[in-house]
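# Commentary on secondary and tertiary structure
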Amino acid sequence: MNIQQDLQQRLEKKPILLMTHLVLGYPSLEVNREVIRQMAENGVDCIEIQIPFSEPMADGPVILKANQDALAAGIRVEDSFAFAKEIVEDFPQVHFFFMTYYNIVFRYGLNTFIDRAADIGMKGFIIPDLPPEEGQDYLCLAREKDMAAIMFFTPTSTDERMAEVAGQGSGFVYCVARKGVTGKQTAMDDGLSQYLLRCRRATNLPLAVGFGISSREDVALLEGKADMAVIGTATIKLVDKEGPEAVGPFIRSLIGG
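The paragraphs below set out a description of the structure included in this document. Keep in mind it's a predicted model, so treat the numbers as computed, not measured.

### Here's the deal with the side chain of Asp218
- Within the secondary structure, Asp218 is located in helix α10 (residues 216–222).
- Within the structure, Asp218 has its side chain in polar contact with the backbone nitrogen of Ser214 (distance 2.9 Å).

### Re the nonpolar core
- Grouped together as the largest cluster of nonpolar side chains are 92 residues, with contacts concentrated most on Phe96, Phe98, Met122 and Phe153.
- Of all hydrophobic cores here, the second largest spans seven residues; its members include Val23, Tyr26, Ile63 and Ile75.

### Re helix α3 (residues 61–72)
- Given a rise of 1.5 Å per residue, twelve residues ought to cover 16 Å, and the 16 Å separating the end C-alpha atoms of α3 matches this to within 8%.
- Contacts from the buried residues of α3 go to β1 (17–23), β2 (46–50) and α11 (233–242).

### Observations concerning the environment of Ser28
- Note on placement: Ser28 falls in the loop between β1 and α2 (29–40).
- Take Ser28: its relative accessible area is 25%, and that puts it in the partly exposed class.
- The spatial distance from the C-alpha of Ser28 to the C-alpha of Gln194 is 40 Å, given a sequence separation of 166 residues.

### Comments concerning the pairing of β2
- Counting buried residues in β2 gives five out of five residues, a clear majority hidden from the surface.
- Because side chains alternate across β2, one face comprises the buried residues Cys46, Glu48 and Gln50, and the other comprises Ile47 and Ile49, equally buried.
- Two elements, β1 and β2, share five bridges in a ladder whose sense is parallel. Bridge pairing in β2 places Leu22 opposite Ile49.

### Let's talk about the pairing of strand β8 (residues 228–231)
- Here β8 shows a buried face lined by Met228 and Val230 and a second buried face lined by Ala229 and Ile231.
- Examined bridge by bridge, β1 and β8 share four bridges and lie parallel to one another. What sits directly across from Leu18, in β8, is Ala229.
- Since strand β7 (residues 207–210) and β8 lie parallel, the crossover through α10 that links them has a hand, and here it is right-handed.

### Comments concerning the packing of α2 against helix α4 (residues 77–90)
- At a closest axis distance of 12 Å, the pairing of α2 and α4 adopts a crossing angle of 25°. Overall, the two elements α2 and α4 adopt an arrangement that is roughly parallel. As α2 runs across α4, the sense of the crossing is right-handed. Contacts between α2 and α4 involve Leu29, Asn32, Arg33 and Ile36 from the former and Phe83, Glu86 and Ile87 from the latter.
- Looking at the contact of α2 with α4 residue by residue, the class counts come to four nonpolar, one polar and two charged.

Quick notes on the rules
Residues numbered from 1 in each chain as written. Predicted model: local features only at pLDDT ≥ 70, side-chain atom pairs only at ≥ 80, totals over all residues. Heavy atoms only, no water. Helix = DSSP H or I, 4+ residues; strand = E, 2+ residues; numbered from the N terminus. Polar contact = N/O pair within 3.5 Å; in protein donor to acceptor, adjacent residues only side chain to side chain. Core = buried A, V, L, I, M, F, W, Y, C linked by side-chain atoms within 4.5 Å. Buried < 20%, exposed > 50% of the residue type's maximum accessible area, 1.4 Å probe, protein only. Expected span 1.5 Å × (residues − 1). Contact = heavy atoms within 4.5 Å. Pairing = 2+ DSSP bridges. Right-handed = clockwise from strand over helix to strand, strands pointing away. Axes fitted to C-alpha atoms, helices over the stretch in contact; angles between N-to-C directions. Parallel < 35°, antiparallel > 145°, perpendicular 65-115°, else oblique. Left-handed = near helix turned anticlockwise from the far one by under 90°. Nonpolar A, V, L, I, M, F, W, Y, C, P; charged D, E, K, R; others polar.

And the structure:
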């Protein structure tokens, strides 16, 4: 069963799925392990593991600082692969994706990066700065390894662009909820609903919505409009303020538990 099929099967039992995000090494790998355990045991379906990068252009100040602090602490790509191998084995009920920027993949070596990710059981990649026109080698290699190459829709995408982009990727489509970077609150208004209707018309892939999703109210408003809500900055802020033990109750609250 591929990712798309598995997510659609999960949706038969849930009104909406959850994908969460963390930056590897922030605040530490030990805290990362506990946060992932709290997420996995409280119903998260997918987790994007961000390999730290010095210029994360799609990320707001909270995730930017997390990247910088992780790099300053010495986290490298090899640490990311070793950590990912461990958690994939520990939490088989969760789909894990590497999220990073293409500089990391290019410098590591495209073939080697994809091969290693496949070998340890990662399910795909989220690379926000690689448009499909410049990523054909990446897309072909990911397809050969049965790895999901996640594509992006944005509010400024035309209907034609959405259809074109969706046809290049697999697994699901990441629908950026608004213009700008991660972290700012997204207005759950008619404009977002109309945008998600356009996203739905453009593809049969599941729709994951991220950027500014932070509460049960946000998630509830996405039910029936999208297939998966993406929670990123809110979790990092929570761990900074209350520690990793607060993550489990937060995740349960997002799904009304």
